[in-house]
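What follows is each chain in one-letter form.
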Amino acid sequence: MKKQIRKYAFLLLIVFGNGYAQTKKHMDTKKPIEERISLLIKEMTLEEKVGQMNQYNGFWDVTGPAPKGGSAELKYEHLRKGWVGSMLTVRGVKEVRAVQKIAVEETRLRIPLIIGFDVIHGYKTLSPIPLAEAASWDLEAIKKSAAIAADEASASGINWTFAPNVDITNDARWGRVMEGAGEDPYLGSKIGYARIKGFQGETMADLAKVNTIAACTKHFAAYGYVEAGLEYNSVDMSNSKLYNSVLPPFEATVQAGVRTFMNSFNTLNGIPATGNAFLQRDILKGKWKFDGFVVSDYASIREMIAHGYAKDEADATAKAVIAGSDMDMESYLYVAKLVTLVKEGKVKEALIDDAVRRILRVKFELGLFDDPYRYCDEKREKEVVGSKANNDGVLDMAKKSIVLLKNEKNLLPLKKSGQKIALIGALANDKNSPLGSWRIAADDNTAVSVLEAMQQYKDNQLTFEKGADLLSQKATFLTETIFNTTDKSGFEAAKTAAKNADVVVMVLGEYGFQSGEARSRTDLNLPGIQQELLEEIYKVNPNIVLVLNNGRPLTIPWAAQNIPAIVEGWQLGTQAGNAIAQVLYGDYNPSGKLPISFPRNVGQVPIYYNKYSTGRPIDSDKNVFWSHYMDVEKTPQFPFGFGLSYTKFDYKNLKINKTTFAKREKIEVSVDVTNSGNYDGKEVVQLYIHDEFASIVRPIKELKGFELVNLKKGETKTVHFTLTERELGFYDNNGNYLVEPGVFNIMVGWNSNEGLTSKFELK
Ligand code: NOJ
């Protein structure tokens, strides 16, 4: 029998060549994944192992002839040698199939590629930008939105998204504020968790389904705290801040089972995140036991040379791999330097084996070994991408993301008939900007504009005038966005339209490429001449509904003071216009709440609700020596958690089940919420705590619970919260979790600044 098997194996060797016979062993689907990985690793040369750790960006028309010359030819050759483990930005079944074919048909070991893509808020059918989605506080909706993105991406050949971004930030100058969930680690953790489940499915087994993709939590870590909001800048912060504000959302995604992490461009306390063993080895892979893999950010391994942390390419390579960066995105360094470093004894092969095991694990879990073309089904691609169901899904998410910031004179909702409405602002007729800047797969100008959507309400008389352009020239993802229009020739026509109207709707804000990566700004006012346009229109008709379209908090002190109705309409994706029109006309009652504070002016930045108290928080002595600004109030324009509704909610009967608790006892908090207005509505009930005194100072408020409640007109519901040690403790400067006795103040309310208060003591 044994002889026969040997003979069979030998025959296989002759027929298929050496490589094929060897690789068969790990293809036994009955064996556990870990064993299959071990079998495969045993067969791999050092070059092939390092190849798995190498990721290239899409580079040539993969469906055409082989490229000649330059980096494209190099990448192509490496791919054929089995020196590439992953590619990014290749998209569409045709393209993905072409690169996968090279990997699984031309290389010795036939290891499939994992195909990454920035599916940040949708693939082709776009959801709102993540910051906007966070304003919904609706975890089920956010999960569904990620699932739609996964559905479309996977139908297009992609099996790995570089999302979610869980960077907490309180700096609106930073362009990437649009990409995270805002300023709060508790809300950010819940949303990060929901997004992982949306992309990957509820259980680990779901990852093997054809409509789920691996997620990637990024950017590890502290990228949201780049100094002065300047992109790619350095970060210096206390350990206490790191453990309590930055890391919790990352940990939440590990608990949700995220399969990959991306590190970050920034330094943290002098060490680039990419070369940071404390972050990647001690915390992520050590303390949190993360068993997926870490990809570098784009060229961030090489950038350690510019940071002044690595002396040359070899040094950068060694530092990155030793620190726990498993895959090199586009630095071209692992593939060039790692084999030699191992041979010279400067990097242990065990580290390479560990990285490769992690990468292969995810490929096995996705089912790529069993069918490398499983995401390459043209029929499914046609059916799923841009489907009616996906458009309905993103519309639902878009409506839930809108925040009503002001509504005086009952200007909203708009009456549906007999009204003359002037719609003003270039953004009202912009089908591109609502797509935001992360929309690589979406076609330009595919969003529903506000103008198109408002035209559907035919019983009113609608006049559109742009007033002024936003930009003086066309902007793209790759070019600097210039917005220095000075042309006011459209003002007069806009003023005439406003004069003749009952209500003016003005859509103002940022162009789609004015936020996002590399889009830092030092001025948070309405860009260009929009403020001037707003004030000119106000002079002829003050009945203005201002709809903001923006990827970051803006400073709108004049509008907040003078304009009667303000709607935060963000960049809401493909269905943006429909969502906004439905809210303006009252077909949808807004319930969003800000996930980030809106400053009064840029000088207040960073501004956030969960700050520490100073030693002089109030002017008790009625003299100048207290913590304040001379020229502006120190409170934000709109606080974290703020958002109105067309109806009214009353809070009563805040109760805590006892006044004193022993450690580990559960604290039950309840409150009655009544819809006392004229519309059915939804309210986000928020619970905040304040630990009065601790061994390390605690924020003056911390969100520790929230509930979304639907209330019919006149209805009352009792909302319950449970607090445990998980909510009451904090991390010290060494990362130890402490729960200390003392008095805790509680606030249950409708934003971070207003609510009912009570307290209890923990013994
Ligand atoms: C750089 C960005 O920082 C990161 O978020 C993104 O995923 C990669 N580029 C790949 O496009």
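Residues numbered from 1 in each chain as written. Predicted model: local features only at pLDDT ≥ 70, side-chain atom pairs only at ≥ 80, totals over all residues. Heavy atoms only, no water.

Caption draft 1: Main features of the overall build of the protein. On a plain count of helices and strands, the protein comes out with 22 helices and 26 strands. Computed over the C-alpha atoms, the radius of gyration of the protein is 27 Å, within 12% of the 27 Å expected from 2.2 N^0.38 for a compact globule of 763 residues. The C-alpha extent of the protein, read off along each of the three principal axes, is 90 × 65 × 50 Å. For the protein, contacts bridging at least 24 residues in sequence account for 77% of all contacts bridging at least 6. Taken as a whole, the protein presents about 29600 Å² of accessible surface, with 51% of it coming from carbon and sulfur. Averaged over its 95 positive side-chain charges, the protein has a centre that lies 4 Å from the centre of its 93 negative ones. (Helix = DSSP H or I, 4+ residues; strand = E, 2+ residues; numbered from the N terminus. Rg over C-alpha atoms; globule rule 2.2 N^0.38 Å. Contact = heavy atoms within 4.5 Å. Areas by Shrake-Rupley, 256 points an atom, 1.4 Å probe, with all protein chains shown as cover. Lys, Arg positive; Asp, Glu negative; His and termini not counted. Charge placed at Lys NZ, Arg CZ, Asp CG, Glu CD.)

Caption draft 2: Focus on the side chain of asparagine 57. Within the fold, asparagine 57 resides in strand β1 (residues 54-57). In terms of polar contacts, asparagine 57 uses its side chain to reach the side chain of tyrosine 298, at 3.1 Å. Not counting the four nearest positions on each side in its chain, asparagine 57 is found in contact with Lys75, Met87, Leu88, Thr89, Tyr298 and Glu330. (Polar contact = N/O pair within 3.5 Å; in protein donor to acceptor, adjacent residues only side chain to side chain.)

Caption draft 3: View of the sheet that holds strand β21 (residues 702-711). Spatial strand order, β18-β26-β25-β20-β21: five strands in an open sheet with mixed pairing. A single partner strand is all that each edge strand has here, and the edge strands are β18 (660-661) and β21. (Pairing = 2+ DSSP bridges.)

Caption draft 4: The arrangement of the site of the ligand in detail. Neighbouring residues of the ligand: Leu88, Asp118, Phe162, Arg176, Lys218, His219, Met262, Phe265, Asp297, Tyr298, Met329 and Glu517. One nitrogen or oxygen atom from the side chain of aspartate 118 is found 2.4 Å from an oxygen atom belonging to the ligand. Aspartate 297 is positioned with one of its side-chain polar atoms (N or O) 2.5 Å from an oxygen atom of the ligand. Compared with its free state, where it exposes 290 Å², the ligand has 93% of that area covered by protein. Its residues assigned to classes, the shell around the ligand shows six nonpolar, one polar and five charged. (Near = heavy atom within 4 Å. Nonpolar A, V, L, I, M, F, W, Y, C, P; charged D, E, K, R; others polar.)

Caption draft 5: How the structure looks around the environment of leucine 279. Examined against the element boundaries, leucine 279 turns out to sit in helix α10 (residues 277-287). Taking the relative accessible area as the measure of exposure, leucine 279 reaches 0% and is therefore buried. For the pair leucine 279 and leucine 230, spaced 49 residues apart in sequence, the C-alpha to C-alpha distance is 22 Å. Discounting chain neighbours no more than four positions away, the residues touching leucine 279 are Phe220, Ala221, Leu268, Ala273 and Leu284. (Buried < 20%, exposed > 50% of the residue type's maximum accessible area, 1.4 Å probe, protein only.)

Caption draft 6: Representation of the packing of α10 against helix α12 (residues 313-323) within the structure. For the pair α10 and α12, interaxial distance at closest approach is 8 Å and the crossing angle is 25 degrees. Viewed along their axes, α10 and α12 adopt a mutual orientation that is roughly parallel. Here Ala277, Gln280 and Arg281 of α10 come into contact with α12, specifically with Val321, Ile322 and Ala323. Per-class residue counts for the contact of α10 with α12 are four nonpolar, one polar and one charged. (Axes fitted to C-alpha atoms, helices over the stretch in contact; angles between N-to-C directions. Parallel < 35°, antiparallel > 145°, perpendicular 65-115°, else oblique.)

Caption draft 7: A look at the confidence of the model for the protein. For the protein, mean pLDDT is 95; residues scoring 70 or higher make up 97% of the total. Put simply, helix α1 (residues 2-23) is where the protein has its lowest mean pLDDT, 43, and strand β9 (residues 293-295) is where it has its highest, 99. Scored below 50 in pLDDT, residues 1-22 shows nine contacts in the model against residues more than four places distant or in partner chains. (pLDDT = per-residue confidence, 0-100.)

Caption draft 8: Spotlight on the domain arrangement of the protein. Each assigned domain of the protein is listed here: domain 1 (49-382), domain 2 (394-604) and domain 3 (649-762). Counting residues at the interface gives 43 residues for domain 1, matched by 37 residues for domain 2. Taking both sides of the interface into account, the surface hidden between domain 1 and domain 2 amounts to around 3200 Å²; carbon and sulfur atoms contribute 63%. Sorting the residues of domain 1 by area buried against domain 2 places Leu126, Ala172 and Arg173 first, and these three jointly supply 18% of that buried surface. Where domain 1 packs against domain 2, one counts three salt bridges. In this structure, aspartate 138 engages lysine 400 in a salt bridge whose closest nitrogen and oxygen atoms are separated by 3.8 Å. Along the contact surface separating domain 1 from domain 2 lie 19 residue pairs in polar contact (both at pLDDT 80 or more). Only α6 (130-134) and α7 (139-155) provide two or more residues apiece to the side of domain 1 that touches domain 2. Its residues assigned to classes, the side of domain 1 that touches domain 2 shows 23 nonpolar, nine polar and 11 charged. (Domains from an automatic or database assignment. Buried area = accessible area lost by both parts, 1.4 Å probe. Salt bridge = Lys/Arg side-chain N within 4 Å of Asp/Glu carboxyl O.)

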